[in-house]
Each structure stands twice: as C-alpha cells, then as structure tokens.
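Architecture at a glance
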Amino acid sequence: MVTEVYFVRHAQPEHMWEDDRTRPLTDEGKRDAEIVLDFLKSKEIDIFYSSPYKRSFDTIADTAAFFGKKILTDERLREREKGINGNNHGMFEKRWADHDYHEENGESINMVQQRNIAALTEILLGNRGKKIVIGTHGTALSTILNYYDPEFGCSDFLRIIDWMPYIIELDFDGDKLLSIAEHCYIEKVFQGKERTDKKG
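Structural notes, computed from the coordinates. None of these values were measured; they are calculated from a predicted model.

Regarding its fold elements, the chain presents 7 helices and 7 strands. Traced from its N-terminal end to its C-terminal end, the chain shows the element sequence β-α-α-β-α-β-α-α-β-α-α-β-β-β. Judged by the C-alpha coordinates and their principal axes, the chain covers about 40 × 35 × 30 Å. Out of the 200 residues in the chain, the part that is buried amounts to 50%. Here the contacts in the chain between residues at least 6 apart in sequence split such that 65% fall between residues at least 24 apart. In the form shown here, the chain has an accessible surface area of approximately 9,700 Å², with 48% of it arising from carbon and sulfur atoms. A gap of 3 Å separates the mean positions of the 28 positive and 37 negative side-chain charges of the chain.

Following the sequence through the fold, Glu104 ends up in the loop between helix 4 (89-97) and helix 5 (109-126). Looking at Glu104, the relative accessible area reads 54%, which means it is exposed. Those residues in contact with Glu104, other than ones at most four positions away along the chain, are Gly83 and Ile84.

Turning our eyes to something else, we now look at the packing of aromatic side chains. Each aromatic ring pair is described using two quantities: the centre-to-centre distance and the angle formed by the ring planes. Following the criterion strictly, the structure yields 10 aromatic pairs and no others. Ring geometry for Tyr147 and Tyr148: centres 5.0 Å apart, planes at 85 degrees, overall edge-to-face. Ring-pair connections join several aromatic residues into one group, and the members of that group are Phe92, Trp96, Phe152 and Phe157.

Each α-helix winds once per 3.6 residues, and so residues spaced three or four apart point in a common direction. Here helix 3 (residues 54-66) contains 13 residues, and its C-alpha end-to-end distance of 19 Å stays within 8% of the 18 Å for a straight helix at 1.5 Å per residue. A maximum bend of about 40 degrees is found in helix 3 at Ile60. Along helix 3, the residues classified as buried are Arg55, Ser56, Thr59, Ile60, Thr63 and Ala64. Buried residues along helix 3 sit against strand 1 (2-9), helix 2 (34-40), strand 2 (47-50), strand 3 (71-73), strand 4 (131-136) and strand 5 (163-173).

Here we come to the environment of Arg159. Inspection of the secondary structure puts Arg159 in helix 7 (residues 154-160). On the accessibility criterion, Arg159 (42% relative accessible area) is partly exposed. For the pair Arg159 and Ser50, spaced 109 residues apart in the sequence, the C-alpha separation amounts to 23 Å. Apart from residues lying up to four places away in sequence, Arg159 is in contact with Tyr166 and Glu182.

About the thresholds
Residues numbered from 1 in each chain as written. Predicted model: local features only at pLDDT ≥ 70, side-chain atom pairs only at ≥ 80, totals over all residues. Heavy atoms only, no water. Helix = DSSP H or I, 4+ residues; strand = E, 2+ residues; numbered from the N terminus. Buried < 20%, exposed > 50% of the residue type's maximum accessible area, 1.4 Å probe, protein only. Contact = heavy atoms within 4.5 Å. Areas by Shrake-Rupley, 256 points an atom, 1.4 Å probe, with all protein chains shown as cover. Lys, Arg positive; Asp, Glu negative; His and termini not counted. Charge placed at Lys NZ, Arg CZ, Asp CG, Glu CD. Phe/Tyr/Trp six-rings, centres within 6.5 Å; stacked < 30°, edge-to-face > 60°. Expected span 1.5 Å × (residues − 1). Bend = angle between axes of the 7 residues up to and from the residue.

By themselves, these are just geometric observations and shouldn't be taken as functional.
Below, the structure written as structure tokens:
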C-alpha cells in the first residue's frame, strides 16, 4: 500500500516582511502558486498538511479548496528558527558541515530535522495508502531529504533555494521510503527578476 506525499515548497514571499510566521506571498508568488493546482488537480489528494507559516499555507490553499479539504497545520513542520546573522552563504555552509551548529537564537539542521521527521512519521503511519500534500519550506524540506539520503548537503540545498514553488514527491511503504521524483518548480533568482518555469 503506497503512500504518496507531495511536498510543496512555498511560492515567492515578501522578503522584506520582518515576521517570519506571517510573511505573505508576493502578488507574483500568488500567481505562481497556480502551478501547484495545475499539477495536483488530477492527483485525487486525500489530505493536506502544512507548516503554520502563512506563505506555506497560502501556497497550497487554492489546491485544498479545489478538493474541498481543510489544511491541517503542524507546528513541527515550520521553517528553521533564524538566529542572529543566520542567512548568508557562509552560514549555510557552516550549518550543513556541522548539523549540530546553530547561531545564537537559531536552530541547527538536526533540530529542524528531528521535529519535521517526527511530524512526517506520524502523518505517514496515520494515512497509509493515501495521497498527501505537505506545505513546507526550503530548509525544512532539505532536512527531510537529508534524513533519507545523508549525501544530500549544502550544494543540494543551494540547488533548490530559489525554486518557489517547488513540488517533489516521496513515495512510502509505511514509513519506509520507496522513491523520490521532482515534478515542477518556478525559479526565482532574485525577487522581481524574470522567472523561468520548469516542469518535468
């Protein structure tokens, strides 16, 4: 009995918005979220979960409404808690080189991974054989991918960092991973720059 999980990394947010939890999508991000509905509307999704953060919730909201489903939020699926001076290329490399490292008031890769995997395991065991959508974030998703493939590291994280939204499917037998497939994304190199749509 295969359980299909479609992780949806959020569309483009308002980067200047200070509060991480309530950061909304840009107008362009809201339009880009249509790619999520376009891809998933034929998938007969059974249940929707999301990080409680607005940008992730809103990215899958229209798709959930299409299926007439409510979105269940789980605090453990939230993005990494950012500390002081936590988001620059050097810090990315430092955290991925040492999964226990975190800046002041921030979370380490291991901290984020432990709570996301705990949430995912509960979701999998409670929804065997179903098709599931999970609204997520770049770092949160990357820690999940690293859990199943320890070779997933900083370069892999940086490969997807500008993909907003991004859909990747993980199929499971119980809580055992069977396969991974990337489906589609929209690349945003910098906010406001021209986008490139990728589907596959």
